[in-house]
Amino acid sequence: MKSGAVFRKEQFVIPSGVIYLDGNSLGPLPRIASRRITEVVEREWGQALIRAWNECAWMEQPARVGDLIAKLVGAPGGSIVMGDTLSIKVYQALASALQMRPDRKIILSDSGNFPTDLYMAQGLIESLDKGHELRIVAPEAVERSIDETVAAVMITQVDYRTGRLHEMNRITSAAHDAGAVMIWDLAHSAGAVPVQLTDSGCEFAVGCTYKYLNGGPGAPAFIYVRPDLVETVRPALAGWMGHDVPFAFDRDYRPANSIERMRVGTPPIIQLSALEAAMQIWNGVDMGDVRAASIELSERFIAEVEKRCPALHLVSPRDPAARGSQVSFRFEHGYAAMQALIDRGVIGDFRAPDIMRFGFTPLYLDTGDIVTAAEVVEDVILNRLWDNPRYKQVNSVT
Ligand SMILES: Cc1ncc(COP(=O)(O)O)c(C=O)c1O
Ligand SMILES: Nc1ccccc1C(=O)C[C@H](N)C(=O)O
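What you see is a predicted model; the values in this text were computed from it and never measured.

Asker: Give a description of the overall build of the chain that names residues and reports values.
Answerer: When helices and strands are tallied, the chain shows 12 helices and 15 strands. Since a compact globule built from 398 residues should have a radius of gyration of about 21 Å, the 22 Å found for the chain is in line with a globular shape. Split into buried and exposed, the 398 residues of the chain put 57% on the buried side. Put simply, 72% of the contacts in the chain that link residues at least 6 apart link residues at least 24 apart. Counting every atom, the chain has about 16500 Å² of accessible surface; 52% of that belongs to carbon and sulfur.

Right under this line is the structure:
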């Protein structure tokens, strides 16, 4: 059975024998991206050389691809630009936000945020040396912790460990009621759940493109700035590609009068081209349909796993409306169990100390995959296949 209108597995390279439940960490290779990379390398870079910046419109690519992302996250054209890694985009958004509230010193985030977001905040605070403080509260406590001392609320919408989903509009309204600036990290949201940035009213949003958007390892991040602010935000990283006229080579920095001011340096053209091609997969895809299919798959997976493996404890919210597009289970031997699963073609990942994480991506997963994956989980858990010295814990990616 297929998960409805959004299923398009034939457009991806999925190795045979693999059920891929880690598209929430690194999306698989879209066939169109593979073809496009070859073309960009051989024809554009190889033949056009430096001329390609003009002839192949390389220079406009960060904004052009930003417009494709904008369609998926409910933002207008011209409000998103691509570049750098997500860590850098978090830094830029946060630095800009703090400049907008010079009298306030608190950055509010939650313990479900991904470490790099918190580290970037800590690093920025040190560099600024103006007495800012990072306040980290429990995910459930975010809304009630927003008060008039908070300069910026910086939250990742979907908790990378538990999959818990924050209500974007509610938290944004609470931030605005207290006069704080709202920054959303959409790393686990873009291409996973419906997002309406314009409706939310948030000032900034950032996200990566190598997960649900399938742009490939190291694909550039995106940053959204609310259109009414774009001519006043300070970009923090004053790189030449964000200059109003980069090729005037002025001595002094003057930011572009558009979202382009959030650019920093030379864009990664090959990687951006892979992403631009990968975005074609979303043509005709409704995020509401993706969400419905994702919920169907994740509900089925939870039911199948709980029926078969009482030793696994769900740590994701049971209410699908309160989850992103992933499901996590706690299991004491989770690391070893995940290695055993991966050995058997069911690829998820592990997050310390004991979380087995599974991502649901209806573009290339169907119910049959989910049931098969649950059967393999059952085999690994009930037959203690994890209890093997080969699966001893090391500090690895998955
Ligand atoms: C919420 C969040 N922020 C940031 C990152 C990573 O940032 P970067 O792309 O700079 O490695 C991730 C995942 O790697 C993430 O899940
Ligand atoms: N960028 C990576 C590079 C290597 C391994 C994992 C990642 C991830 O993206 C992890 C992801 N952010 C997570 O939610 O765990």
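So, next bit.
Asker: Describe the site of ligand 1, naming the residues involved and giving the relevant values.
Answerer: The local shell around ligand 1 consists of Thr85, Leu86, Ser87, Phe114, Thr116, Asp117, Thr156, Asp185, Ala187, His188, Tyr210 and Lys211. The side chain of Tyr210 places a nitrogen or oxygen atom 2.7 Å from an oxygen atom of ligand 1. Summarising the interface, the protein chains cover 84% of the accessible area of ligand 1, which totals 390 Å² for the free molecule. When each cavity is represented as a set of grid points, ligand 1 is found to reside in the largest pocket. Elements with a contribution of two residues or more to the shell around ligand 1: helix H4 (86-100) and helix H5 (115-128). The residue makeup of the shell around ligand 1, split by class, is 4 nonpolar, 5 polar and 3 charged.

Asker: Give a description of the pairing of strand E10 (residues 222-225) that names residues and reports values.
Answerer: Here E10 shows no split at all, with Phe222 and Tyr224 on one side and Ile223 and Val225 on the other all buried. In terms of strand pairing, strand E9 (residues 204-207) meets E10 through 4 bridges, oriented antiparallel. Bridging from a neighbouring strand, Ala205 pairs with Tyr224 of E10.

Asker: So what's going on with empty space enclosed by the protein? Which residues, and what values?
Answerer: Applying the stated criterion across every chain yields a total of 3 cavities of 30 Å³ or more. One number sums up the size of the largest cavity: a volume of about 60 Å³. Gly191, Ala192, Tyr212, Asn214, Trp282, Val290, Ser325, Phe360, Thr361, Pro362, Leu363 and Tyr364 together form the lining of the largest cavity. Tallied by class, residues from the lining of the largest cavity come to 8 nonpolar, 4 polar and no charged. The residues that make up the lining of the largest cavity include at least three from each of domain 1 (4-29 + 286-391) and domain 2 (59-266).

The rules we used
Starting afresh in each chain, residues are numbered from 1 along the sequence in its written order. Here the convention is simple: chains get letters from A, ligands get numbers from 1, in the order in which they are written. Residues qualify for local features only when their pLDDT is at least 70, as the model is predicted, and side-chain atom pairs are given and counted only at 80 or more; totals for whole chains, interfaces and linings, by contrast, use all residues. Values shown for side chains rest on all heavy atoms present in the structure; no hydrogens or waters enter the calculation. The secondary structure listing takes helices from DSSP runs of H or I that are at least 4 residues long and strands from runs of E that are at least 2 residues long, numbered from the N terminus. Radius of gyration here uses only the C-alpha atoms, and the compact-globule reference equals 2.2 Å multiplied by the residue count raised to the power 0.38. The buried label goes to any residue with under 20% of its type's maximum accessible area, the exposed label to any with over 50%, and the partly exposed label to all in between, with areas taken from a 1.4 Å probe on protein chains only. Residues count as neighbours in contact if any of their non-hydrogen atoms are within 4.5 Å of one another. Per-residue accessibility takes into account occlusion by the displayed protein chains alone, with areas from the Shrake-Rupley method and a 1.4 Å probe. We call a residue near a molecule or strand whenever a single non-hydrogen atom of that residue lies within 4 Å of it. Pairs of N or O atoms are called polar contacts if they sit within 3.5 Å, as long as, within protein, a hydrogen donor faces a hydrogen acceptor (for residues adjacent in sequence, only side-chain-to-side-chain pairs). A 1.4 Å probe that fits but cannot get out identifies a cavity on a 1 Å grid over protein atoms alone, an open set with protein on both sides within 12 Å along at least five of seven lines counts as a pocket, and a residue lines either if it has an atom within 4 Å of a point. The way we define it, a molecule is inside a pocket or cavity when more than half of its atoms are within 2 Å of that pocket's grid points. Note on residue categories: nonpolar means Ala, Val, Leu, Ile, Met, Phe, Trp, Tyr, Cys or Pro, charged means Asp, Glu, Lys or Arg, and polar means any other residue, Gly included. DSSP-based pairing: two strands are paired if at least 2 bridges between them are found. Grid points are joined across faces, edges and corners, and a volume is the space filled by probe spheres set on the points. Throughout, the edges of the domains are those of an automatic or database domain assignment.

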